[in-house]
Amino acid sequence: MRRTRLSAALAALTLTAALGATATATATAAAPEPPTAAPFCAKGYVCVEQGFGIVTLVPEGNRHEFDPPVRIVSVVNSTSTGYCLTGTYNTGVAPGGTFEPRVAYSLRWLTPSPGGICSTTDG
């Protein structure tokens, strides 16, 4: 009888430990990923990040041509002027805004748009 109680106690302890480990693993696996922070960009610049540590800084009010076009990771606008992006498709990035394409994007031109209007036709 003593052996049966001891076996039952050990089985319960093993089951409790296994369930605890499973619950911990499940809780860890289900934890949401923290949101990615927008890359830092100095005030007065538009920063074009190509990846691998390559960042092009364009001073406020200036335009920039990428010849040949470059694949980008993000464009951060730390200016008070809107900018138009001409590339795989045309889009804009508002003052203080960030553009992070969800699909591969090649950028050809970055131009200021003080009126905030950009062509939305494919370019």
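Asker: Just checking my understanding: could you explain the overall build of the protein for this structure?
Answerer: Within the protein, the regular secondary structure consists of 1 helix and 8 strands. Moving toward the C terminus, one meets the helices and strands of the protein in the order α-β-β-β-β-β-β-β-β. Within the protein, the fraction of its 123 residues that count as buried is 27%. Taking the contacts inside the protein whose residues are at least 6 apart along the sequence as the reference set, 53% of them involve residues at least 24 apart. Put simply, the protein shows about 8400 Å² of open surface, and 61% of that area lies on carbon and sulfur atoms.

Asker: How should I be thinking about the packing of aromatic side chains in this particular structure?
Answerer: For any pair of aromatic rings, the description consists of the separation of the ring centres together with the inter-plane angle of the planes. One pass over the structure, following the stated rule, counts 3 aromatic pairs. Ring geometry for tyrosine 89 against phenylalanine 99: centres 6.4 Å apart, planes inclined by 80°, an arrangement best described as edge-to-face. Within this pair, whereas tyrosine 89 is found in the loop between strand E5 (82-87) and strand E6 (91-93), its partner phenylalanine 99 is found in strand E7 (residues 98-99), the two being separated by 10 residues in sequence. Residue classification places tyrosine 89 among the partly exposed residues on the basis of a relative accessible area of 28%. Among the residues examined, phenylalanine 99 registers a relative accessible area of 11% and is labelled buried.

Asker: I would appreciate a short explanation of the pairing of strand E8 (residues 106-113) in the present structure.
Answerer: Note on strand geometry: in a regular strand, side chains alternate between the two faces of the sheet. Pairing of strand E3 (residues 64-71) with E8, which is carried by 4 bridges, proceeds in the antiparallel orientation. Within E8, the residue paired with glutamate 65 across the bridge is tryptophan 109. Here 6 bridges tie E5 to E8, and the two strands are oriented antiparallel to one another. Its bridge partner being in E8, threonine 86 is matched across the sheet by tryptophan 109.

Asker: Even after reading the chapter, I still don't get the confidence of the model for the protein, so can you show me in this structure?
Answerer: In low-pLDDT segments, the atomic positions of the prediction should not be examined closely. Scored by pLDDT, the protein comes out at a mean of 78, with 65% of its residues at no less than 70. Overall, residues 13-19 carries pLDDT values under 50, and its contacts beyond four positions in sequence, including any with other chains, amount to 0 contacts. Below a pLDDT of 50 lies the segment residues 30-36, which in the model reaches 0 contacts outside its immediate sequence neighbourhood of four places, other chains included.

Asker: Would you take a moment to explain a nonpolar patch on the surface for this structure?
Answerer: On the surface, a nonpolar cluster with roughly 260 Å² of combined accessible area is contributed by Tyr45, Val55 and Leu57. Tracing the backbone through its elements, the reader meets valine 55 in strand E2 (residues 54-59).

Asker: Is there a simple way to think about the sheet that holds strand E4 (residues 74-77) in this case?
Answerer: Strands in a sheet are paired, the pairing made by backbone hydrogen bonds, and the direction either parallel or antiparallel. Strand order in this open sheet of 4 strands is E2-E1-E4-E7, and the pairing throughout is antiparallel. The open sheet has two edge strands with one neighbour each: E2 and E7. Of the strand pairs in this sheet, E4 and E7 are connected by 2 bridges, and their pairing is antiparallel. Bridged to valine 76 within E7 is threonine 98.

Asker: Is there a simple way to think about the environment of glutamate 60 in this case?
Answerer: Mapped onto the secondary structure, glutamate 60 falls in the loop between E2 and E3. Residue classification places glutamate 60 among the partly exposed residues on the basis of a relative accessible area of 34%. In the structure, glutamate 60 is positioned 16 residues away from glycine 44 in sequence and 5.3 Å away in space, judged by C-alpha atoms. Excluding residues that lie within four positions of it along the chain, glutamate 60 makes contacts with Gly44, Tyr45, Thr79, Ser80, Thr81 and Tyr83.

Reading the values: rules and limits
- Residues numbered from 1 in each chain as written.
- Predicted model: local features only at pLDDT ≥ 70, side-chain atom pairs only at ≥ 80, totals over all residues.
- Heavy atoms only, no water.
- Helix = DSSP H or I, 4+ residues; strand = E, 2+ residues; numbered from the N terminus.
- Buried < 20%, exposed > 50% of the residue type's maximum accessible area, 1.4 Å probe, protein only.
- Contact = heavy atoms within 4.5 Å.
- Areas by Shrake-Rupley, 256 points an atom, 1.4 Å probe, with all protein chains shown as cover.
- Phe/Tyr/Trp six-rings, centres within 6.5 Å; stacked < 30°, edge-to-face > 60°.
- Pairing = 2+ DSSP bridges.
- pLDDT = per-residue confidence, 0-100.
- Patch = residues over 30% accessible without salt bridge, like charges linked within 9 Å, V, L, I, M, F, W, Y side chains within 5 Å.
- Salt bridge = Lys/Arg side-chain N within 4 Å of Asp/Glu carboxyl O.

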